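Residues per chain are reported as follows:
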Amino acid sequence: MTKFTDIILPEPLLRAAADLNYETPTPIQAQVIPWLLENDADLIALAQTGTGKTAAFGFPVLSQTDIEKLVVQAIILCPTRELCLQIGHDLQSFSKYMPRIRSTVVYGGAPIYKQKEALQSGVHIVVGTPGRVNDFIRQGVLKLDTVNRLVLDEADEMLNMGFKEDLFEIMKHTPAQKQTLLFSATMPKEVAKLAQTFMTDPHQITAGNQNQGADNIQHYYYKVHARDKYKALKRIADMSPKIYGIIFCRTRNETQEIADKLQHDGYNADALHGDLSQGQRELVMSRFRSKYVQLLVATDVAARGLDVDDLTHIINYSAPTEPDIYIHRSGRTGRAGKSGISLTIIHSKEIAALKAMEKRLGREIIPAKVPGGREICEKQLFHFIDTVERIEVDNAQIDSFLPNVYKKLSWLSREELIQRFVSVEFNRFLNYYKDASDLDFGPEQASREEKKSFAFKTFKLSLGYAQNLTKRELMRYINQLKVTRSIEIGQIDIFPDFCLVELDAEYAEQLLKAFARHKYKGIPVNAALGEPARRNKRR
Ligand code: AMP
């Protein structure tokens, strides 16, 4: 099948597909749509996000809806509010030439009464998150005994998010005679068990290789010292001036910290994590979608449901704890047939995690070299020159200023003029990368660095959670002591009323004096020295 119009769908749906520029079905659509149009058995479809799966189930569901019966005929369950809204929106677009089809979305975190009203006014299709769907069933507002098709979208994510009980409860309210469709990017044991419990002899369709990442994504990793991760991240971003990507971190603190640092260093970045209110999250997402923000630093949970098609990069600032998470993260690029790059920055202790990711992916994650200062400067310079060449000159606006500008610059030769213009934009990079060293943690660098090893000492400070201490705040406080230009900070452990922090042993005396002299947010700090900690290597 080469064209979307080859699929035997009702004309209004094909017309809507044409409006959306769906000319060729995606692989999952090419397999799933014709099968669903001819079969009423259960189906498991393994497909990454971004492969066009909404249309794969959306078109058949719409085409088989009986408009004359205003009862719930199909229920689509998905893990997040954002995905729910996206599917609801897609169904509206697909059914734009079928005005009598009524669908609605129900999800948590929003006032209940409007959603209730929509359900009570009568709908054919409901898209919902399991928690809210269950609430409406319990209230007697939503009845599923007329459902003949149930779709579980991103089933693995729904289970990851703890919706198992809700799913079991919802199933109980649906008729035994129905078609169940399960879409999942991965097939962990829990999903297989769910399928076993609720599906009868399901047919299975896989777009691409089962459990593997899409082929149009390139996978690379950088191995650096733990303390050089942020520098490596900046170099990666600097090497791709047009980067538009998500940087995944493990914790909310780390997410905020990296976004703050990037903003401080002049990058177009913002943070998305669970400590933000729903309103703040939506604002960040919309700024990212409109590309006002180029780099989104996010936790896995917060980024769920964020639906963006043209990401150039996924950057794993922290290696994911589970190989499945790697598949989900990297599947956010290379969507809708585009190509994408998935990068992972690891330190030496994360090699085992990397191997597990490779195994899961079924492909090698290729080692890459962190770009060097010269390489980055060259890339940025040519990007800038490219922009100068392509810029559209608005003569109407600037012509009147130019004679004075020409006069003022007339003492400069063409070459001198170019040098100055380039420097205006470019000095930031030249200065930053002037003495930039190699960040790769290869054997050669390891032995070079070995010679410069130094020791940490552990300091016990009278600050802990009781003083609202965070790692970030502690690092800021220690740096503000200005004992040396850049003090090495090692492991930090925070307890209710004290903390332990490893600091460069060479500055132990000065540090003790500085702690005694400088209060932390007005609180006097008692510092005591513990045993020498591990040895480490200097930057
Ligand atoms: P989904 O996996 O359903 O979230 O779809 C990912 C993106 O691909 C969405 O922006 C869709 O509009 C787009 N898309 C889906 N099917 C096609 C198609 N056949 N041709 C072009 N784009 C498509």
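Model, not experiment: these values are computed from the prediction.

Attention shifts here to the packing of helix H16 (residues 373-390) against helix H19 (residues 414-433). Contact geometry for H16 and H19: axes closest at 10 Å, N-to-C directions at 160°. Here H19 runs roughly antiparallel to H16, going by the angle between their axes. As for the relative orientation of H16 and H19, their crossing is right-handed in sense. Residue-level contacts link Gly 373, Ile 376, Cys 377, Gln 380, Leu 381, Phe 384 and Ile 385 of H16 to Phe 421, Val 422, Glu 425, Phe 426, Phe 429, Leu 430 and Tyr 433 of H19. Residue classes in the contact of H16 with H19 are distributed as eleven nonpolar, two polar and one charged.

Okay, the nonpolar core next. Judged by nonpolar contacts, the single largest core of 39 residues is most densely connected at Val 32 and Phe 59. Listed by contribution, the elements that provide at least two residues to this core are helix H1 (11-19), helix H2 (27-38), strand E1 (43-46), helix H3 (53-63), strand E2 (74-77), helix H4 (81-94), strand E4 (125-128) and strand E6 (179-184). For this core, the element with the most residues is H3, which contributes six residues. Discounting chain neighbours no more than four positions away, the residues touching Val 32 are Leu 43, Ala 45, Ala 56, Phe 183 and Ile 205.

All told, the structure shown has 23 salt bridges when counted by the stated rule. The salt bridge involving Arg 472 is made with Asp 260; its shortest N-O contact spans 2.5 Å. Linking Arg 472 in helix H21 (residues 471-480) with Asp 260 in helix H11 (residues 252-264), this pair joins segments that are 212 residues apart in sequence. Accessibility expressed as a relative area gives 24% for Arg 472, which makes it partly exposed. Taking the relative accessible area as the measure of exposure, Asp 260 reaches 26% and is therefore partly exposed. In this structure, Arg 329 and Asp 300 form a salt bridge, with 2.8 Å as the shortest nitrogen-oxygen distance. Separated by 29 residues along the polypeptide, Arg 329 in helix H14 (residues 323-330) and Asp 300 in helix H13 (residues 300-303) bring together distant segments of the chain. In this structure Arg 329 comes out as buried when scored by relative accessible area, which is 1%.

Before going further, it helps to examine the environment of Thr 321. Looking at where Thr 321 falls in the secondary structure, it is placed in the loop between strand E12 (313-316) and H14. When the C-alpha atoms of Thr 321 and Glu 350 are compared, they prove to be 9.8 Å apart, with 29 residues separating the residues in sequence.

The subject of this paragraph is H16. For H16, spanning 18 residues, the distance from its first C-alpha to its last is 26 Å, which sits close to the expected 26 Å at 1.5 Å a residue. Turning to H16, its buried residues number three or more, namely Gly 373, Ile 376, Cys 377, Gln 380 and Phe 384. The buried residues of H16 occupy one face: seen down the axis, they fall within an arc of 100°. Residues of H16 that are exposed and point more than 90 degrees away from the buried face comprise Arg 374, Phe 382, Glu 389 and Arg 390. Turning to H16, the residues buried within the fold contact helix H10 (229-239) and H19.

This next bit is on the pairing of strand E8 (residues 217-223). As paired elements, E8 and strand E13 (residues 340-346) share seven bridges and run parallel to each other. If you follow Tyr 221 over to E13, its bridge partner there is Thr 344. In terms of strand pairing, E8 meets strand E14 (residues 366-367) through two bridges, oriented parallel. Within E14, the position partnered with Tyr 221 by the bridge is Pro 367.

As a matter of local geometry, the ligand sits amid 14 residues, with Tyr 22, Gln 29, Gly 52, Thr 54 and Asp 309 nearest to it. The contact in question runs from a nitrogen atom of the ligand to an N or O atom on the backbone of Thr 24, over 2.8 Å. Between the ligand and Thr 54, the relevant distance is 2.6 Å, taken from an oxygen atom to a side-chain nitrogen or oxygen of the residue. For the ligand, whose free accessible area comes to 490 Å², the fraction covered by protein is 81%. Residues that form the shell around the ligand fall into these classes: four nonpolar, seven polar and three charged.

What counts and what doesn't
- Residues numbered from 1 in each chain as written.
- Predicted model: local features only at pLDDT ≥ 70, side-chain atom pairs only at ≥ 80, totals over all residues.
- Heavy atoms only, no water.
- Axes fitted to C-alpha atoms, helices over the stretch in contact; angles between N-to-C directions.
- Helix = DSSP H or I, 4+ residues; strand = E, 2+ residues; numbered from the N terminus.
- Parallel < 35°, antiparallel > 145°, perpendicular 65-115°, else oblique.
- Left-handed = near helix turned anticlockwise from the far one by under 90°.
- Contact = heavy atoms within 4.5 Å.
- Nonpolar A, V, L, I, M, F, W, Y, C, P; charged D, E, K, R; others polar.
- Core = buried A, V, L, I, M, F, W, Y, C linked by side-chain atoms within 4.5 Å.
- Buried < 20%, exposed > 50% of the residue type's maximum accessible area, 1.4 Å probe, protein only.
- Salt bridge = Lys/Arg side-chain N within 4 Å of Asp/Glu carboxyl O.
- Expected span 1.5 Å × (residues − 1).
- Arc of directions from axis to C-beta.
- Pairing = 2+ DSSP bridges.
- Near = heavy atom within 4 Å.
- Polar contact = N/O pair within 3.5 Å; in protein donor to acceptor, adjacent residues only side chain to side chain.
- Areas by Shrake-Rupley, 256 points an atom, 1.4 Å probe, with all protein chains shown as cover.

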